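Structure assessment
Read off the chains here:
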Amino acid sequence: MDMNASSSGVENAPDFPELPSYADGRGVRSGVDLRVLRYFLAVADEGNITWAAELLQISQPTLSRQLKGLEDALGVTLFHRGPHQISLTPEGRLLRERAQELVQLAGKMEREVRELHGSLSGTIAISCAETHSMDWLARCIAAFRQRYPEVEFEMRTCTADVTGDRLEQGLTDLGLVTEPLDVSKYDYLRTHIDDRWGILMRPDDPLSTLNEIRPEDLAGRALILPFREEVRGELVSWMGGSLRAVSTAGLCDLSINVMAMVRGGVGLAMSFGLGVPDDLCFKPLSPVLESGGAVIWKRGRTLTPAAAAFVEFLRTEGRRIAR
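Rules used in this analysis
- The numbers attached to residues start from 1 for each chain and follow its sequence in the written order.
- Confidence filtering applies because this is a predicted model: local features only for residues at pLDDT of at least 70, side-chain atom pairs given and counted only at 80 or more, and all residues used for totals across whole chains, interfaces and linings.
- Water and hydrogen atoms were dropped before computing side-chain values, which therefore reflect all heavy atoms in the structure.
- To qualify as a helix, a DSSP run of H or I must reach at least 4 residues; to qualify as a strand, a run of E must reach at least 2; elements of each kind are numbered from the N terminus.
- The cut-offs for exposure are 20% and 50% of the maximum accessible area for each residue type, with area from a 1.4 Å probe on protein chains only; residues under the lower value are buried, those over the upper are exposed, and the others partly exposed.
- Contacts were defined at the residue level, with two residues in contact if any of their heavy atoms lie within 4.5 Å.
- Using the Shrake-Rupley algorithm and a 1.4 Å probe, accessible areas are obtained, with residue cover drawn only from the displayed protein chains.
- Here a polar contact is recorded for every N or O atom pair within 3.5 Å, except that within protein the pair must consist of a potential hydrogen donor and a potential acceptor, and residues adjacent in sequence are included only if both atoms are side-chain atoms.
- This arc is built from the directions going out from the helix axis to the C-beta atoms.
- By definition here, a salt bridge exists when the distance from a side-chain nitrogen of Lys or Arg to a carboxyl oxygen of Asp or Glu is within 4 Å.
- Here, strands pair whenever DSSP counts at least two bridges between them.
- Each axis is a line fitted through C-alpha atoms, taken for helices only over the stretch in contact, and angles between the N-to-C directions span 0 to 180 degrees.
- Note on ring pairs: Phe, Tyr and Trp rings are taken, using the six-membered ring of Trp, and paired if centres are within 6.5 Å. Classes follow the plane angle, with under 30 degrees stacked, over 60 edge-to-face and the rest tilted.

**Side note on the overall build of the protein**
Within the protein one finds 9 helices and 14 strands. Evaluated residue by residue, the protein yields a buried proportion of 43% over its 323 residues. In the protein, of all internal contacts separated by at least 6 residues, the share reaching a separation of at least 24 is 74%. Of the accessible surface of the protein, which amounts to about 16,700 Å², a share of 51% is contributed by carbon and sulfur atoms.

**Looking at the environment of arginine 145**
Relative to the helices and strands, arginine 145 resides in helix 5 (residues 133-147). Along the primary structure arginine 145 and phenylalanine 310 are separated by 165 residues, whereas in three dimensions their C-alpha atoms are 9.6 Å apart. For arginine 145, the residues in contact, after removing those within four places along its chain, are Val151 and Phe153. Among the polar contacts made by the side chain of arginine 145, one reaches the main-chain carbonyl oxygen of proline 149 at a distance of 2.9 Å.

**What about the side chain of serine 208?**
Its location among the elements puts serine 208 in the loop between strand 9 (198-201) and strand 10 (222-226). By relative accessible area, serine 208 is classed as buried at 15%. Here the side chain of serine 208 touches proline 203 through a polar contact of 2.9 Å, landing on its backbone oxygen. Setting aside anything within four residues of it in sequence, one finds serine 208 in contact with Met201, Arg202, Pro203, Cys281 and Lys283.

**Quick notes on helix 8 (residues 255-263)**
Buried within helix 8 are the following residues: Val258, Met259 and Val262. Down the axis of helix 8, the buried set is contained in an arc of 100°. They therefore lie on one face. Buried residues along helix 8 sit in contact with strand 9, strand 10, strand 11 (247-252) and strand 12 (268-271). Immediately downstream of helix 8, the backbone of glycine 265 shows phi near 90°, a positive value.

**Side note on the pattern of salt bridges**
Tallied over the entire structure, the rule returns 16 salt bridges. The structure contains a network of salt bridges with shared partners spanning Glu168, Lys185 and Lys298.

**Points about the sheet that holds strand 8 (residues 186-196)**
Read across the open sheet, the 5 strands follow the order 6-5-7-14-8; overall the sheet is mixed. Two strands lie at the open edges of the sheet, namely strand 6 (151-157) and strand 8, each paired on one side alone. When the angles between neighbouring strand axes are averaged without regard to direction, this sheet yields 20°. Two strands pair when backbone bridges link them, and strand 5 (residues 122-128) and strand 7 (residues 174-178) are joined in this way by 3 bridges, in the parallel orientation. Bridging across to strand 7, serine 127 finds its partner in glycine 175. The sheet contacts of helix 6 (residues 160-169) involve strand 5, strand 6, strand 7, strand 8 and strand 14 (290-298), and relative to strand 14 the element is tilted by about 15°.

**Things to note about the packing of aromatic side chains**
If you walk through the whole model with that rule in mind, you get 7 aromatic pairs. Relative to phenylalanine 153, the ring of phenylalanine 144 lies with its centre 6.1 Å away and its plane at 85°, an arrangement referred to as edge-to-face. Across the pair, phenylalanine 153 and phenylalanine 144 agree in class, each one buried. When the centroid spacing of 4.4 Å and the interplanar angle of 55° are considered together, the rings of tryptophan 197 and phenylalanine 272 count as tilted.

So, in structure tokens, the structure goes:
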């Protein structure tokens, strides 16, 4: 729909606090508040002004005016406007990424302030690697919630690099990661659970008849390696310090995508072998190569009451639950 078309709606959207105003370099001061950023994100997600207005329960002209005001404040065009649909400009895509971070951070801040009063409640955000330590963490969460049933957990699957970024930005409270671990930036608790590396392959691969995979078995083969550079370094060391005997078919981080690539014949994958389906085969490496797990949080940052209580619970009860 055209951005200026009219529609009726209910003017009952909540007000949110303004972000600080800033100078735009021309002596003009402008301000962008969280409400308008939420409006912008709704339109960006829906791709249609009418649908977004209905979702937000405001009138279409009001939404159009808010978006035009946002563009005027920033001095850029955020949308390509078509007759039936809108799309983001490069500036709009950048704002969408930043706005998502700001809105998430504002919501987290509001929850943290509320958690300072009354019984222990709120949400603990954890960014999690794909690791066998997740089974242990899930049991810890279940036991913790028996004690504090009003605490909820928000779980995201992330690589260690993304987890680090989210911890730096304050978008996540804790991270579940695997070694190698940068101990200079984080406080941490080890899970005392190791993930053993191996090769994921199709059952008809000649290597599927072996009990274990040695470096020389991979000569001439195409490999799918983990996305994280530090981890690739450890795997290269296991192979003798060089990838010259093999070819790198690709880099991948999530196991479901790794499995699809192996299944499709892209190559063999070096992985932990988590949740291997019947149509694939996993063989461990020899010599044994393992990565330990840890729960981490930003050093020097004060945890929310709920997150601090959960860390203390892991510290005192985690080893018992791991057994």
